[in-house]
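Residue-level structural notes
If you want the building blocks of each chain, they are given just below.
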There are 2 protein chains.
Amino acid sequence: MSRITISPRTRMTPFHESTMAAGLSDLTVYNKMVLPTSYGNLKAEYDRLINGVAIWDVSAERQVEISGPDAQACAQYLTSRDLSKQKEGQGYYVAMCDHDGRILNDPVLLKLSGGRYWFSLADSDMLHWCRAIAAEKSFDVEVREPDVSPLAVQGPKAEDLIAELFGEHVRDLRYFWFVETELDGIPLVLCRSGWSKQGGFELFLQDGSRGNELWNKIVAAGATYDIGPGAPNHVERVESGLLSWGGDTTPESNPFEAGMGRFVHTDIEADYIGKAALRRVVASGGPERLLCGLIVDVDTTHAWPLPARTPVTSNGDDVGTMSAIVYSHRLGKTIGMAQIRRDLVESHATVQIVGPDGPADATVTDLPFL
Amino acid sequence: MSRITISPRTRMTPFHESTMAAGLSDLTVYNKMVLPTSYGNLKAEYDRLINGVAIWDVSAERQVEISGPDAQACAQYLTSRDLSKQKEGQGYYVAMCDHDGRILNDPVLLKLSGGRYWFSLADSDMLHWCRAIAAEKSFDVEVREPDVSPLAVQGPKAEDLIAELFGEHVRDLRYFWFVETELDGIPLVLCRSGWSKQGGFELFLQDGSRGNELWNKIVAAGATYDIGPGAPNHVERVESGLLSWGGDTTPESNPFEAGMGRFVHTDIEADYIGKAALRRVVASGGPERLLCGLIVDVDTTHAWPLPARTPVTSNGDDVGTMSAIVYSHRLGKTIGMAQIRRDLVESHATVQIVGPDGPADATVTDLPFL
């Protein structure tokens, strides 16, 4: 493992002081910003996420805000999902594609009051992409990155904690719905969302100068729930089959191959970028590869750092790539995620991978595992 | 300092095995790829760059290739420098701007044989930007990221080493000019360039499977010159006044503020993105702030990690931001880089900064220092 060099080119988050005080030990760079990945005990962080409540600095999920008279038309042109029925206060999981149908990002798109939109981004620079499109298409919009930094509160005890802080009404929020609110004057958007399947909320802080204040309020209220620091958890996300754009996808992947087919609407009247290319994929019978799970035939409880996608073969033929391999604490098995030839996914075939410790058989399964 | 988490989302380089074997200790992420920053002894790496020859894995300087019938028109539309006189085999340092004249990247643009162009990038995702523009403007081009990874050989002894490997003709290469060549069958572009002012070359490897082979050949031939591993050196780059896009610039900076005014041609006939906005800057009398050097009045030889841009004041007024502060081994002084109000730059004023150890006076100077 190597140390990371931080310079002004890599942005700190509004919660940086708090994460350092909490014992931050590992991080990565995401959207040119620090993204904490561990506080030194991944198993304890996993257990806290599965059984309790954790606080995560996910500021690196940056927002691109589209506002102005053409905001809806512009947002629609930028995504392959039908936005015509989206309500204010509702988030949509969407694919942003390029003109050849390659997936560029898989954000949650929040429709705010006043006709504004936030694309809450995975790790690719959509600010410039959106500005290029808006300018060249002459949409009457403003495109900017607002001062908005999400703080996630995740785990089965998150709802009780958030209800204590914000009121019982939060229990009625449906998944990906949100309210524009505040906490003791700190402006934020409170959304039922987060990069885990353990339940919880994201607090989109709207004043970067108040990050540590917000963190401290949550930690103080969370003490009775034994809250602790954490980060998007690699084991839990594989168990839950959550897509890591740029990890599980290649630069050539289309959204069907990324498991986002149900969010791609090729029959709507509205035009959007990549529509023709995505229609061709449908017309040709669908994608050649699919995102899937693997149950890997190795008996180990050790951690598997996988620094790069690795080939998947079937009788020696290249049939895809594996992008993650972990030991699932809850399943007691070694599991992975991969993009594999569709017939092998549909038949739940046995394939071969080369893991960090050598070759092994793997059984293709549906996602999620849990 | 924290450990970095590497996943398939962060790309390894073709030289990764070699850099690990050479003792890589510190790295950062640049264009979603690993960029080595140190092998554990920054002072030795500095001395090697100033007095000898160093090998740097700068694969993270990714290329965007534009090819096809409209390649020149497209490349011109993407940059604010007049490309009409650029020759094949010549590189140009250029600014890429958005429609409001903000600088998005400061690549070296290589004009290759067959009318192809490579934008050799700083740390921002111009592949998507270029694809958005090419598609919406209907340029007849292909835009892609080719399998090209630069390896830099830098320092005063680099020319002798490169001449030994490639022949005496390399001594005649002018700055930013290049040849398309090979080394024992390894295809590459050899360019007189690099992110230092100590002289040297960049070898743009065109076959990622042969990275360690290329590294080993250079290191073997370099043994007589006492070659060793290194990385773009923070102290040397400040002494030399080399721009770090995204560090020394803010998201709102225009190329004049970034010290790139002489590469911005607002009077040419060709249209390009941001031209109208840049003309308005000129018409209004020029930029409000300028990139400059600071000689900081503190007596220390200690290292100054500066994780974020920090305010510069003059009699209590906010007049700019400092983006780097280092102890210059050659000057025996503490120096920095900043963007500061133009009148204070032009008058070489004394300003105030808050460094990691507290407030200090600083004298504004021209760049480079050396």
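Not measured: the values here are computed from a predicted model. (Residues numbered from 1 in each chain as written. Chains lettered and ligands numbered in written order. Predicted model: local features only at pLDDT ≥ 70, side-chain atom pairs only at ≥ 80, totals over all residues. Heavy atoms only, no water.)

**Quick notes on the overall build of chain A**
- Summing up its helical and strand segments, chain A has nine helices and 22 strands in all.
- For a compact globule of 370 residues, the expected C-alpha radius of gyration is about 21 Å, and chain A comes in at 21 Å, within 12% of that figure.
- In terms of principal-axis extent, the alpha carbons of chain A reach across some 60 × 50 × 40 Å.
- Per-residue burial over chain A gives 60% buried out of 370 residues.
- Put simply, of all contacts in chain A between residues at least 6 apart along the chain, 65% involve residues at least 24 apart.
- Carbon and sulfur atoms form 48% of the exposed surface of chain A, whose accessible area is close to 13900 Å². (Helix = DSSP H or I, 4+ residues; strand = E, 2+ residues; numbered from the N terminus. Rg over C-alpha atoms; globule rule 2.2 N^0.38 Å. Buried < 20%, exposed > 50% of the residue type's maximum accessible area, 1.4 Å probe, protein only. Contact = heavy atoms within 4.5 Å. Areas by Shrake-Rupley, 256 points an atom, 1.4 Å probe, with all protein chains shown as cover.)

**A closer look at the packing of helix H5 (residues 158-166) of chain B against helix H6 (residues 211-222) of chain B**
Residues and elements named next belong to chain B.
- Closest axis-to-axis distance for the H5/H6 pair is 10 Å, and the angle between their directions is 115°. As judged from the angle between their axes, H5 and H6 are roughly perpendicular. At the point where H5 passes H6, the crossing takes the right-handed sense. In contact with Leu161, Glu164 and Leu165 of H5, H6 contributes Lys217, Ile218, Ala221 and Gly222. (Axes fitted to C-alpha atoms, helices over the stretch in contact; angles between N-to-C directions. Parallel < 35°, antiparallel > 145°, perpendicular 65-115°, else oblique. Left-handed = near helix turned anticlockwise from the far one by under 90°.)

**Things to note about the pairing of strand S4 (residues 54-57) of chain A**
Residue and element names in this part refer to chain A.
- In S4, alternate side chains face the same way, and those of Ala54 and Trp56 on one face and Ile55 and Asp57 on the other are all buried.
- Direction of pairing for S4 relative to strand S12 (residues 149-154): antiparallel, over a ladder of four bridges. Along S12, the bridge assignment pairs Trp56 with Ala152.
- Taken together, the three bridges between S4 and strand S16 (residues 228-230) define a ladder with parallel strand orientation. Looking across to S16, one finds that Trp56 is bridged to Gly230. (Pairing = 2+ DSSP bridges.)

**Description of the relation of the copies chain A and chain B**
- Relative to chain B, chain A is turned by 180° and slid 0.0 Å along the rotation axis, the superposed coordinates differing by an RMSD of 0.0 Å. When the rotation and shift are considered jointly, the pair of chain copies conforms to a two-fold rotation axis. Considering only C-alpha atoms, the part of chain A nearest the rotation axis is Arg3(A), at 2.2 Å.
- Taken as a fraction of all interface residues of chain A, those also at the interface in chain B reach 100%, which identifies the copy contact as same-surface. (Least-squares fit on C-alpha atoms with pLDDT ≥ 70 in both.)

**Some thoughts on helix H5 (residues 158-166) of chain A**
- For H5(A), the set of buried residues is Ala158(A), Leu161(A), Ile162(A), Ala163(A) and Phe166(A).
- The inward-facing, buried residues of H5(A) contact S12, strand S13 (178-183), strand S14 (186-191), strand S15 (200-205) and helix H6 (211-222) of chain A.

**Some thoughts on the nonpolar core**
- Ranked by size, the top nonpolar core spans 64 residues in total, and within it Leu203(A), Leu214(A), Ile218(A), Leu203(B), Leu214(B) and Ile218(B) carry the most contacts.
- If we ignore the near neighbours within four places in the chain, the residues touching Leu214(A) are Phe15(A), Leu151(A), Leu183(A), Ile186(A), Leu188(A), Leu203(A) and Leu205(A).
- Counting residues in each nonpolar core, the second largest holds 54 residues, with Ile66(A), Ile66(B), Leu121(B) and Val141(B) among its members. (Core = buried A, V, L, I, M, F, W, Y, C linked by side-chain atoms within 4.5 Å.)

**Examining the sheet that holds strand S22 (residues 358-365) of chain A**
Residues and elements named next belong to chain A.
- Strand order in the closed barrel made by the six strands is S17-S20-S19-S18-S21-S22, with antiparallel pairing throughout. Averaged over all neighbouring strand pairs, the angle between strand axes comes to 40°, with direction disregarded.
- Direction of pairing for strand S18 (residues 310-314) relative to strand S19 (residues 317-328): antiparallel, over a ladder of five bridges. Paired with Ser314 across the strands is Asp317, a residue of S19.

**What to know about the sheet that holds strand S6 (residues 91-93) of chain B**
Residues and elements named next belong to chain B.
- Reading across the sheet, the five strands line up as S6-S9-S10-S5-S11 and stay open at both edges, with antiparallel pairing between neighbours. For this open sheet the edge positions go to S6 and strand S11 (142-144), each flanked by a neighbour on one side alone. Ignoring strand direction, the axes of neighbouring strands in this sheet form an average angle of 20°.
- Two elements, strand S9 (residues 108-111) and strand S10 (residues 117-120), share four bridges in a ladder whose sense is antiparallel.

**Description of the pairing of S12(A)**
All names here are of chain A.
- Among the six residues in S12, six count as buried, and that is most of the element.
- As paired strands, S12 and S15 are joined by six bridges and run antiparallel to one another. Of the residues in S15, the one forming a bridge with Pro150 is Phe204.

**Section: the interface of chain A and chain B**
- The partner chain B presents 47 residues to the 47 residues of chain A that form the contact.
- With both sides pooled, the region where chain A packs onto chain B buries about 4200 Å², and carbon together with sulfur makes up 54% of that total.
- Summed over the three residues of chain A that lose the most area to chain B, namely Arg3(A), Arg9(A) and Glu136(A), the buried surface amounts to 19% of that side.
- At the junction of chain A with chain B, the criterion picks out six salt bridges.
- Here chain A and chain B share 24 residue pairs in polar contact (both at pLDDT 80 or more) between them.
- Counting residues per element, the side of chain A that touches chain B draws most heavily on helix H4 (residues 126-136) of chain A, which supplies eight residues.
- A class-by-class count of the residues in the side of chain A that touches chain B yields 21 nonpolar, 14 polar and twelve charged.
- Where strand S2 (residues 26-30) of chain A lies against strand S1 (residues 3-4) of chain B, two bridges are found, and the strand directions are parallel. Within S1(B), the position partnered with Asp26(A) by the bridge is Arg3(B). (Buried area = accessible area lost by both parts, 1.4 Å probe. Salt bridge = Lys/Arg side-chain N within 4 Å of Asp/Glu carboxyl O. Polar contact = N/O pair within 3.5 Å; in protein donor to acceptor, adjacent residues only side chain to side chain. Nonpolar A, V, L, I, M, F, W, Y, C, P; charged D, E, K, R; others polar.)

**Here's the deal with the confidence of the model for chain A**
- Confidence along chain A averages 96 in pLDDT terms, with 100% of residues attaining 70 or more.
- Interface confidence in the predicted complex, given as ipTM, is 0.94; pTM for the same model is 0.96. (pLDDT = per-residue confidence, 0-100.)

**A word on the environment of Lys275(A)**
Residues and elements named next belong to chain A.
- Note that Lys275 resides in helix H8 (residues 275-283).
- Along the chain, Lys275 and His265 lie ten residues apart, while their C-alpha atoms are 8.5 Å from each other.
- For Lys275, the residues in contact, after removing those within four places along its chain, are Thr266, Ile268, Glu269 and Ala270.
- Of the polar contacts made by the side chain of Lys275, one reaches the backbone oxygen of Ala270; its length is 2.9 Å.

**Describing the packing of aromatic side chains**
Residues and elements named next belong to chain A.
- A full pass over the atoms with the stated rule returns eight aromatic pairs over all chains.
- Ring geometry for Tyr93 against Phe263: centres 5.4 Å apart, planes inclined by 80°, an arrangement best described as edge-to-face. Linking Tyr93 in strand S6 (residues 90-93) with Phe263 in the loop between helix H7 (234-239) and H8, this pair joins segments that are 170 residues apart in sequence. (Phe/Tyr/Trp six-rings, centres within 6.5 Å; stacked < 30°, edge-to-face > 60°.)

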